Amino acid sequence: MDFSPDLIRLILNARHIVVFTGAGVSQESGIPTFRDAMTGLWETFDPGKLATPEGFAANPDLVWGWYEWRRSKVTHSLPNAGHRAISELAGLVKHLTVVTQNVDDLHERAGSTEVIHLHGSLHQPRCTVCGAAHVFANAAPVEPPEGRKIQPPACHQCQGPVRPGVVWFGEELPAEAWAKAHSAAQNCDVLFSVGTSSVVYPAAIIPLTAGQAGARVVQVNPLPTAHDEAVHEKLIGKAGEVLPDLITALRSELT
Ligand code: BV8
Ligand code: ZN
């Protein structure tokens, strides 16, 4: 893929770059995107119902089983070329912040060091009663069959039911993560929006905030998104193909 010389110059001269990511950046690692996560046995459930406090209260074993299935997929997957390119980009520019909607740890495992998780993490379960962090008995769970119900573990401290450490629909985002992400969006020169359908709020405000603050907003996605009219530039393609090409173009400019 070719990139405009002014985008290459803008990136290399930028004081601060934000990379805002969604489930699409993990798709090439074999992690189903949030919308695709509802394939197979899960497709009979609506994520809007499964990924909610009410869904967990009504079906704790079903919801915990879904998250354990997803956790096992992540644990047995590897970061892809898109994650690695984002980590490499940080080494080519002055300051880079990753703001992710994803609950996996693939950015960190690709070497990204400044990662803000707006929607929590699969790896940080906590007690619904006392809030204590829960340590998984099995760090790398054997992949449960799709649709498998698994009883949530009991809290080590108070025996209350443990829940996934993610932000569900209807729940507020972690205040500190939101504040840091919003500030990064207001102070960056370029924001890449990678692999997100841009329909979930308030996360989807982040690219809009960057654009309103004067940053160049560049979308990386093989398909149209809800932000197509709002972004300044669309790099149409997979993250694992477009971003390594961008790194190559930047490196050739630097030699
Ligand atoms: C809140 C964690 C209120 C859990 C997630 C009506 C209008 C507007 C908003 C609302 C509304 N009704 C309700 C709301 C609010 C709601 C919301 O936005 N709903 C949407 C669906 C309309 N938001 C909330 O509830 C939020 N909280 O509002 O609280 C409040 C206020 C005060 C006090 C109390 C409460 C909380 C939202 C967080 C929900 N949790 N995740 C989990 O993961 O299980 S959201 C979940 O979906 C993901 O985390 C992700 O953030 C989100 C969107 O998914 P994407 O990442 O975009 O993935 P998706 O599958 O959609 O798209 C994939 C994209 O990748 C596609 O574009 C595809 O083309 C592309 N792609 C595919 N392959 C590739 C690729 N791109 C590049 N390369 C590839 N290879
Ligand atoms: Zn507890």
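Criteria and cut-off values
Residues numbered from 1 in each chain as written. Chains lettered and ligands numbered in written order. Predicted model: local features only at pLDDT ≥ 70, side-chain atom pairs only at ≥ 80, totals over all residues. Heavy atoms only, no water. Phe/Tyr/Trp six-rings, centres within 6.5 Å; stacked < 30°, edge-to-face > 60°. Helix = DSSP H or I, 4+ residues; strand = E, 2+ residues; numbered from the N terminus. Buried < 20%, exposed > 50% of the residue type's maximum accessible area, 1.4 Å probe, protein only. Lys NZ or Arg CZ within 6 Å of the ring centre and 35° of its normal. Domains from an automatic or database assignment. Contact = heavy atoms within 4.5 Å. Buried area = accessible area lost by both parts, 1.4 Å probe. Salt bridge = Lys/Arg side-chain N within 4 Å of Asp/Glu carboxyl O. Polar contact = N/O pair within 3.5 Å; in protein donor to acceptor, adjacent residues only side chain to side chain. Donors = N, O, S within 2.8 Å, 3.2 Å for Na, K, Ca; no water. Tetrahedral: all angles 85-135°; square planar, octahedral: opposite > 155°, others 65-115°. Near = heavy atom within 4 Å. Areas by Shrake-Rupley, 256 points an atom, 1.4 Å probe, with all protein chains shown as cover. Nonpolar A, V, L, I, M, F, W, Y, C, P; charged D, E, K, R; others polar. pLDDT = per-residue confidence, 0-100.

(A) How the structure looks around the packing of aromatic side chains. Tallied over the entire structure, the rule returns four aromatic pairs. With a centroid separation of 6.2 Å and an interplanar angle of 55°, the aromatic rings of Tyr67 and Trp168 are classed as tilted. Taken together, the residues span a long stretch of sequence, with Tyr67 in helix H5 (residues 60-75) and Trp168 in the loop between strand E5 (162-163) and helix H8 (175-186) at a distance of 101 residues. Accessibility expressed as a relative area gives 5% for Tyr67, which makes it buried. Linked through ring pairs, Phe56, Trp66, Tyr67 and Trp168 together constitute an aromatic cluster. Lying across the ring of Phe136, Arg71 places its NZ or CZ 3.3 Å from the centre. For the cation-ring pair, Arg163 lies above Trp168, with the distance from its terminal atom to the ring centre recorded as 3.9 Å.

(B) A look at the domain arrangement of the protein chain. Once the domains are mapped, the protein chain shows domain 1 (1-30 + 78-121 + 172-255) and domain 2 (32-76 + 126-163). The interface is formed by eleven residues belonging to domain 1 together with eight residues belonging to domain 2. Across the domain 1 to domain 2 interface the summed buried area is about 600 Å²; carbon plus sulfur atoms make up 58%. For domain 1, the biggest contributors to the area lost against domain 2 are Ala23, Gly30 and Arg109; these three give 42% of the whole. Across the domain 1-domain 2 interface, the total number found is zero salt bridges. Viewed at the interface, domain 2 and domain 1 are joined by one residue pair in polar contact (both at pLDDT 80 or more).

(C) Region of interest: the coordination of the zinc ion (ligand 2). Binding of the zinc ion (ligand 2) to the protein goes through Cys127 (SG), Cys130 (SG), Cys155 (SG) and Cys158 (SG), at separations of 2.2 to 2.3 Å. One can describe the site at the zinc ion (ligand 2) as tetrahedral: its four donor atoms subtend angles covering 100 to 119° at the metal.

(D) Summary view of the pattern of salt bridges. Inspection of the entire model under this criterion finds seven salt bridges. For Asp6, the salt bridge identified is with Arg216, shortest N-O distance 2.4 Å. Note that Asp6 is positioned in helix H1 (residues 5-13) and Arg216 in strand E7 (residues 216-220), a separation of 210 residues in sequence. Given a relative accessible area of 35%, Asp6 falls into the partly exposed group.

(E) Region of interest: the site of ligand 1. The local shell around ligand 1 holds 32 residues, among which Tyr67, Arg70, Val167, Gly170 and Ser197 are the closest. A distance of 2.6 Å separates an oxygen atom of ligand 1 from a polar side-chain atom of Arg70. The separation between an oxygen atom of ligand 1 and a polar main-chain atom of Gly170 is 2.7 Å. When ligand 1 sits alone it has 1500 Å² of accessible area, and the protein chains cover 73% of it. Contributing elements (two or more residues each) for the shell around ligand 1: helix H2 (24-27) and H5. Its residues assigned to classes, the shell around ligand 1 comprises 15 nonpolar, eleven polar and six charged. The two domains that each donate at least three residues to the shell around ligand 1 are domain 1 (1-30 + 78-121 + 172-255) and domain 2 (32-76 + 126-163).

(F) How the structure looks around the confidence of the model for the protein chain. Counting all residues, the mean pLDDT for the protein chain is 93, and 96% of those residues have values of 70 or more. Ranking the elements of the protein chain by mean pLDDT puts helix H3 (residues 47-50) last, at 78, and strand E1 (residues 17-21) first, at 99.

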